[in-house]
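An overview of the molecular structure
So you can see what is in the structure, the chains are spelled out below.
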Amino acid sequence: MFVRIVKMSFHEENIPAFLENFDSIKEKIRSAEGNRFLELYQDKNNPCIFFTYSYWETEEDLENYRRSALFDEVWTFTKKLFNEKPEAWSVDKVVSLQ
């Protein structure tokens, strides 16, 4: 399992549209094959910056999602709202304390 972190920055006037859309599709994303966890964060200092944080079983699961009709629908809508190019990282958890 690995973690996928995506940083997205939006024009301020587009944030409500992004949040409304995310709310309507979050369960579908979370139900994608291999997705085990999904959270959305908003930066405390810059409210235009958001991060998704998700756990995926395998890289193949993530790639299958990225090639899916759902991802195409999500990304086609979301990318119109950006004010900067998004960034993404796939990382392995090294240490986790609860």
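Here the structure is a predicted model, which is why all the values come from computation and not from measurement. (Residues numbered from 1 in each chain as written. Predicted model: local features only at pLDDT ≥ 70, side-chain atom pairs only at ≥ 80, totals over all residues. Heavy atoms only, no water.)

Observations concerning the side chain of N21
Formally: Secondary structure elements are defined from DSSP: runs of H or I of at least 4 residues count as helices, runs of E of at least 2 residues count as strands, and each element is numbered from the N terminus. Between buried and exposed lies partly exposed: a residue is buried under 20% and exposed over 50% of the maximum accessible area for its type, with that area taken using a 1.4 Å probe on protein chains only. Whether two residues are in contact is decided by their heavy atoms: any pair within 4.5 Å suffices.
Of note, N21 is situated in helix α1 (residues 15–30). N21 sits in the buried class, given a relative accessible area of 16%. Those residues in contact with N21 that sit more than four places away from it in its chain are F77 and T78.

Describing the pairing of strand β2 (residues 35–42)
Here is the key point about a regular strand: its side chains alternate between the two faces of the sheet. Condition: We treat two strands as partners when DSSP finds at least two bridges between them.
Pairing of β2 with strand β3 (residues 49–56) involves seven bridges; the strand directions are antiparallel. Its bridge partner lying in β3, E39 is registered against Y53. Between β2 and β3, which follow one another and run antiparallel, lie six residues.

Section: the UniProt feature "domain: ABM" (unreviewed entry) in the protein chain
Let me state the cut-off plainly: UniProt positions are given in the numbering used here, feature names are shortened, and annotations may be inferred rather than shown by experiment.
Feature annotation in UniProt places "domain: ABM" (unreviewed entry) on residues 2–91, given in this structure's numbering. Each end of residues 2–91 is marked by a C-alpha atom, and these two atoms are 6 Å apart; helix forms 38% of the span and strand 32%.

Structural notes on the pattern of salt bridges
Let me state the cut-off plainly: By definition here, a salt bridge exists when the distance from a side-chain nitrogen of Lys or Arg to a carboxyl oxygen of Asp or Glu is within 4 Å.
Summed over all chains, the structure comprises four salt bridges. As a salt-bridge pair, D23 and K26 come within 2.6 Å of each other at their nearest N and O atoms. Linking D23 with K26, this pair stays in helix α1, spanning three residues, or about one helical turn. Relative accessible area serves as the criterion here: at 48%, D23 is assigned to the partly exposed category. What makes K26 partly exposed here is its relative accessible area of 29%. Notably, a salt bridge pairs E57 with R36, separated by 3.0 Å at the nearest N-O pair. Taken as a pair, E57 in the loop between β3 and α2 (59–66) and R36 in strand β2 lie far apart in primary sequence, 21 residues in all.

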